[in-house]
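# Results of the structural survey
Listed below are the residues making up each chain.
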Amino acid sequence: MGERDEPGTIGRRVQRLRVARGLTQKQLAEPVYTPAYVSTLEAGRVRPSDEALRHLAERLGVEFDELATGRSARRVTELRLGLTEAQRALAVGEAESAVEQYTALLAEAEAQELPEEQAAALLGLGECALDTGELVDGRRYFEEAEARLADAPLPARVPALRGRAVAHYLAGELRYAVYLLESTIDELNRGGLHDPDALLLLYASVIGPYMDMGAHARAAQAAEFALALAPQSGDPALVARMHRSVARTLLAEGRLAEADASLAKAAELYRGLQLRTELANCHWMRGYVYAQNGELERAEAEMREALHMLSATRATLYSSQLTVELADVLHRRGRSEEAAELLRDVLGGLSPERGAVHAAAAHRLLGIIAEDARDTEQAEEHYVRALSLLERAGAAGDLADLCRLLGDLLRRTGRVEAALDAYRTGLGHRTAPGTTTLGPAPAQPPV
């Protein structure tokens with residue numbers, strides 16, 4: 001006999017279904033059992049046999065599993081199919097439709113007391129929130145998903161932990177995002193829980209925060225581990241995400257051809273899976289590769305294609321970051337007014353708590369444009385605003401570069417002491433290769 005509810009719970013369920021169908025205890029019992037037996041069962045004073053439950057289920061018009069556990073096997077299957085459909089809706093950029101589906105599926109999973117399916121629905125709602133830039137809601141959904149999986153093994157909780165880390169990363173809380181990802185990687189590796197999909201997801205996700213913190217050597221190491229884990233993964237979307245993340249480290253090392261090859265692999269996988277937002281990210285990064293290589297016309301075309309795709313999916317924070325990089329290309333092509341207009345639009349939708357690193361990048365570029373126009377006062381104002389945002393986020397690599405720009409501006413305007421202070425601040429933000437301020441790197445996986 002399989003797992004089933006307590007006699008009292010089953011009894012109350014039988015009584016509720018019987019009354020709902022307008023049956024008497026005698027009508028439910030006949031022809032095999034007596035009304036007295038049904039009365040005793042409904043009172044929870046007898047544990048019914050499988051045979052008795054099958055008889056009662058047939059008379060009540062429900063499945064055996066639903067009567068014994070409160071959960072219908074057919075409805076559970078339908079629920080899981082619904083989760084797959086909601087995931088598809090999110091993947092093709094229909095975030096609003098996905099939210100409606102996940103919300104209804106969460107209610108159904110709660111009614112059937114299915115913690116794994118509840119967690120899956122909450123994870124989906126969290127991903128929708130990240131897509132639309134609702135980072136506080138996203139964190140809450142991921143935290144609730146973790147709570148539903150509290151008794152599950154760590155690899156099963158990794159997607160929720162990773163989602164929470166990404167929400168902090170997008171909010172500009174780089175150190176805490178890295179802490180979450182590194183501590184989870186350590187727990188998996190030191191505990192012998194070498195789940196390749198879980199590790200691949202974590203290593204691919206930590207590369208971005210490492211790069212923004214200036215820890216390029218540690219990012220390169222994470223990329224190396226991710227590449228080694230990829231052949232063990234059976235999830236093509238996860239492998240594609242890994243290739244996209246690894247491309248960032250290849251770009252930082254000046255390996256443009258290899259970065260473009262990784263992005264081409266990712267794009268091919270995303271096209272096959274019809275994952276529109278992720279494909280847009282590949283166009284975006286290929287545009288960045290072309291920009292680094294001085295092919296500005298091709299860079300603009302790729303970035304505009306990516307921006308069109310992201311705007312259609314309403315991926316607001318990603319669109320903001322991409323718009324800043326497109327503005328940089330336009331500025332380099334001599335279209336500074338057009339670039340500045342894009343940047344001012346971007347800043348209207350960002351704040352220190354929502355996209356701080358992207359807002360800082362916009363102010364930095366506006367400062368450069370103002371310098372080119374010989375408006376040193378406006379340039380200094382933008383640099384100082386960017387500095388404040390980056391200090392809050394802990395983006396060490398960007399801080400060092402910004403302090404150099406501010407120092408150069410102050411030196412050119414005759415404020416030598418202030419310029420020296422800015423340079424010293426920049427040097428203080430230069431992190432040692434491969435470090436983060438968070439101690440030793442995570443334990444190495446067995447790859």
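Residues numbered from 1 in each chain as written. Predicted model: local features only at pLDDT ≥ 70, side-chain atom pairs only at ≥ 80, totals over all residues. Heavy atoms only, no water.

## Digging into the nonpolar core
Of all hydrophobic cores here, the largest spans 130 residues; its most connected members are Tyr102, Tyr203, Met242, Leu343 and Tyr383. Considering every element that reaches this core, the biggest residue donor is helix 12 (residues 196-212), with eleven residues. Excluding its chain neighbours within four sequence positions, the residues that come into contact with Tyr102 are Leu83, Ala86, Gln87, Ala120, Ala121, Gly124, Leu125 and Cys128. Within the second largest apolar cluster, 14 residues are counted, among which are Leu17, Leu41, Ala57 and Ala68. (Core = buried A, V, L, I, M, F, W, Y, C linked by side-chain atoms within 4.5 Å. Buried < 20%, exposed > 50% of the residue type's maximum accessible area, 1.4 Å probe, protein only. Helix = DSSP H or I, 4+ residues; strand = E, 2+ residues; numbered from the N terminus. Contact = heavy atoms within 4.5 Å.)

## Some remarks on the UniProt feature "domain: HTH cro/C1-type" (unreviewed entry) in the protein chain
As annotated in UniProt, the feature "domain: HTH cro/C1-type" (unreviewed entry) corresponds to residues 14-67 in the numbering used here. The span residues 14-67 is 65% helix and 0% strand, and its two end C-alpha atoms sit 7 Å from each other. (UniProt positions renumbered as here; feature names shortened; annotations may be inferred.)

## Brief notes about helix 23 (residues 416-428)
Under the 1.5 Å per step criterion, the end-to-end length of helix 23 is 18 Å for 13 residues, consistent within 8% with the ideal 18 Å. When we look at burial in helix 23, the residues that qualify are Ala419, Ala422 and Gly426. For helix 23, the buried positions fall inside an angular range of 60° around the axis, keeping them on one side. The outward face of helix 23, more than 90 degrees from its buried face, is lined by the exposed residues Glu417, Leu427 and Gly428. (Expected span 1.5 Å × (residues − 1). Arc of directions from axis to C-beta.)

## Quick word on the environment of Gln87
Assignment of secondary structure puts Gln87 in helix 6 (residues 73-91). Distance from Gln87 to Gln101, taken between C-alpha atoms, is 9.2 Å for residues 14 residues apart in sequence.

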